[in-house]
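Structure at a glance
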Amino acid sequence: MDAAAAILRAGGLVGIPTETVYGLGANGLNGEAVRRIFEAKGRPQDNPLILHVPGADWLERYCRNIPAAAYTLASRFWPGPLTMILQRRSNVPNVTTGGLETVGVRCPNHPLTLEVIRRADIPVAAPSGNTSGRPSPTCAQHMWEDMEGKIDAILDGGPCGVGVESTIIDLTCRPPRLLRPGGLPLEALRDALGEVDVDKAVERGLAPGEKPKAPGMKYRHYAPRAPVTVVTGDPVRSARYIRRQGRGMGVICFDEYAELFPDCVVEPIGPAGDKAEQARRVFDALRAFDATDVREIYAQCPDEGGLGLAVANRLKKAAGFHVVEV
Ligand code: TXA
Ligand code: MG
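The present account deals with the structure reproduced in this document.

About the criteria used
- Residues numbered from 1 in each chain as written.
- Chains lettered and ligands numbered in written order.
- Predicted model: local features only at pLDDT ≥ 70, side-chain atom pairs only at ≥ 80, totals over all residues.
- Heavy atoms only, no water.
- 1 Å grid on protein atoms, 1.4 Å probe; cavity = no way out; pocket = protein on both sides within 12 Å on 5 of 7 lines; lining within 4 Å.
- Points joined across faces, edges and corners; volume = space filled by probe spheres on them.
- Nonpolar A, V, L, I, M, F, W, Y, C, P; charged D, E, K, R; others polar.
- Domains from an automatic or database assignment.
- Pairing = 2+ DSSP bridges.
- Helix = DSSP H or I, 4+ residues; strand = E, 2+ residues; numbered from the N terminus.
- Axes fitted to C-alpha atoms, helices over the stretch in contact; angles between N-to-C directions.
- Contact = heavy atoms within 4.5 Å.
- Salt bridge = Lys/Arg side-chain N within 4 Å of Asp/Glu carboxyl O.
- Buried < 20%, exposed > 50% of the residue type's maximum accessible area, 1.4 Å probe, protein only.
- Phe/Tyr/Trp six-rings, centres within 6.5 Å; stacked < 30°, edge-to-face > 60°.
- Lys NZ or Arg CZ within 6 Å of the ring centre and 35° of its normal.
- Near = heavy atom within 4 Å.
- Polar contact = N/O pair within 3.5 Å; in protein donor to acceptor, adjacent residues only side chain to side chain.
- Areas by Shrake-Rupley, 256 points an atom, 1.4 Å probe, with all protein chains shown as cover.
- Sits in = over half its atoms within 2 Å of the grid points.
- Parallel < 35°, antiparallel > 145°, perpendicular 65-115°, else oblique.
- Left-handed = near helix turned anticlockwise from the far one by under 90°.
- Core = buried A, V, L, I, M, F, W, Y, C linked by side-chain atoms within 4.5 Å.

So, empty space enclosed by the protein
Over the atoms, a rolling probe the size of a water molecule traces out where space has been left empty. Counted according to the given criterion, the structure contains 1 cavity of 30 Å³ or more. There is about 40 Å³ of room inside the largest cavity. T167, L178, P181, G182, L184, P185, L186, G306, L307, L309 and A310 are the residues that line the largest cavity. Its residues placed into classes, the lining of the largest cavity shows 8 nonpolar, 3 polar and no charged. When residues of the lining of the largest cavity are assigned to domains, at least three map to each of domain 1 (2-202) and domain 2 (228-325).

With respect to the sheet that holds strand β13 (residues 250-253)
The pairing of strands in a sheet happens through backbone hydrogen bonds and is either parallel or antiparallel. Read across the sheet, 5 strands follow the order β14-β13-β15-β12-β16 without closing on themselves; strand pairing throughout is parallel. Bordering the open sheet on either side are β14 (265-268) and β16 (323-325), each of which pairs with just one other strand. This sheet shows a mean twist of 20° between the axes of neighbouring strands, independent of strand direction. Here β13 pairs with β14 via 4 bridges, running parallel. Directly across from C253, in β14, lies its bridge partner P268. Docked against the sheet, helix α9 (residues 235-243) engages β12 (228-232), β13, β15 (297-300) and β16, running at close to 170° with respect to β15. Taken strand by strand, helix α11 (residues 308-318) contacts β12, β13, β15 and β16, and its axis lies near 145° from that of β12.

Looking at the pattern of salt bridges
Applying the stated criterion across every chain yields a total of 24 salt bridges. When the shortest N-O distance is used, the salt bridge between R177 and D199 registers 3.1 Å. With R177 in strand β10 (residues 177-180) and D199 in the loop between β11 (197-198) and β12, this pair connects stretches of sequence that are 22 residues apart. Look at R177 and you get partly exposed, because its relative accessible area is 24%. We classify D199 as buried; its relative accessible area is 3%. Here E304 makes a salt bridge to K316, at a shortest N to O gap of 3.0 Å.

Describing the packing of aromatic side chains
By convention here, two paired aromatic rings are described through the distance between centres and the angle between planes. On inspection of all chains with the given rule, the structure shows 2 aromatic pairs. In this arrangement the basic side chain of R61 is found over the ring face of W58, its NZ or CZ atom lying 3.8 Å from the centre.

Side note on unusual backbone geometry
Here W78 and P79 are connected by a cis peptide whose omega angle stands at -10°. With respect to the helices, strands and loops of the structure, P79 is situated in the loop between α4 (68-77) and β5 (82-88). Of note, the amide linkage connecting R174 to P175 takes the cis form, showing an omega dihedral of -10°. One non-glycine residue, D121, adopts positive backbone phi at about 55°. Although it is not a glycine, F321 sits at a positive phi angle of roughly 60°.

Some remarks on the site of ligand 1
Around ligand 1, a shell composed of 27 residues is seen, among which T20, N47, H52, S166 and G216 lie nearest. Contacts to ligand 1 include S128, whose side-chain N or O atom sits 2.9 Å from an oxygen atom. Protein chains shield 97% of the accessible area of ligand 1, which is 680 Å² for the free molecule. Judged by the proximity of its atoms to the pocket grid, ligand 1 belongs to the largest pocket. Ranked by the residues each element gives to the shell around ligand 1, the list is headed by strand β6 (residues 102-106), at 4 residues. Its residues assigned to classes, the shell around ligand 1 shows 13 nonpolar, 9 polar and 5 charged.

Let's talk about the packing of helix α10 (residues 275-288) against α11
Packing of α10 against α11 brings their axes to within 9 Å, and their N-to-C directions diverge by 20°. Here α11 runs roughly parallel to α10, going by the angle between their axes. In this structure, α10 crosses over α11, and the sense of that crossing is left-handed. Where α10 abuts α11, its residues K275, Q278, A279, V282, F283 and L286 lie against G308, V311, R314, L315 and A318. Within the contact of α10 with α11, the residues separate by chemical class into 7 nonpolar, 2 polar and 2 charged.

Details of the nonpolar core
Where a protein is soluble and globular, its nonpolar side chains tend to be buried together. Core analysis: the largest hydrophobic core is formed by 66 residues, its most contacted members being L73, W78, L82 and M84. Among the elements that make up this core, the one with the highest residue count is helix α2 (residues 31-41) (5 residues). In contact with W78, other than residues within four places in its own chain, are V53, G55, A56, L59, L73, M84, V105, R106 and C107.

Have a look at this one:
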């Protein structure tokens, strides 16, 4: 942890474990260090980064006009898989926020990373630690596959317990708006705040030229090399539909249906009723197909209650929103 903190203070890049996915961390107040993140990931410059802090008592350092809702959410859900968009202070460099007047802030629930941030005494800017466009890494090994030779260190904190990235809520508008579904369910936000809107980029692909509020939502994401088709609807029917598509394909399915596709490369993501397990496994499943020669991939998809909204969103983004309803 001391070594990681020293690298961060010196402007280097460190892979950090969080409860959601591994992040690629740098000093968020150092524009040069942050630029290296974009280089290592091949990330478009207009896609802003999240600042990781050890608690709500750091919010005032980097944000202004902080609404009461931010403290309500922080006291309920931090440390945890929730990122809040707030107005930024001018000490946060443009390169960190992609030129926006707002900044995303999150307190991750991982003891090693919290300790590193405290020892370094700087806010750590960290996107997910994958090469831009690939599935997010949920263990140190996956981050190594993407980042070997490009960064200074990875702090191995074990596999990620949540498996999808944080939920992002914009608190600079009224009502607050969900920009990205993630490890904290929308229902929990509504329970804490009342009304919460859902950004259109969560549910569907964007028309050419259309701008989402979270710049990252406009890029094709999480995509294996083979094209993906998501099949929504009752799992018995979606399994039957996928089975009819032929042989030799890649299939992401619920555990109960794994035996139905004998000639396929099958990646089960957990029981149909266990969305937390599906969240933990969805990125590993998407990543696994790149080591095979499948030419197309079909995926069963959970309903959108609870963590299902985040799992479905990641699958649909991997599919470029190519969705079949059965
Ligand atoms: O769970 C997570 O959030 C992980 C771990 C490492 O903390 N991080 C992560 O970062 O997923 P990244 O960069 O892969 O995704 C951040 C998303 C992007 O879609 C970005 O456009 C959006 O957050 N974002 C960041 N700052 C924003 C801002 N000021 N306004 C709107 N969207 C913002
Ligand atoms: Mg990412």
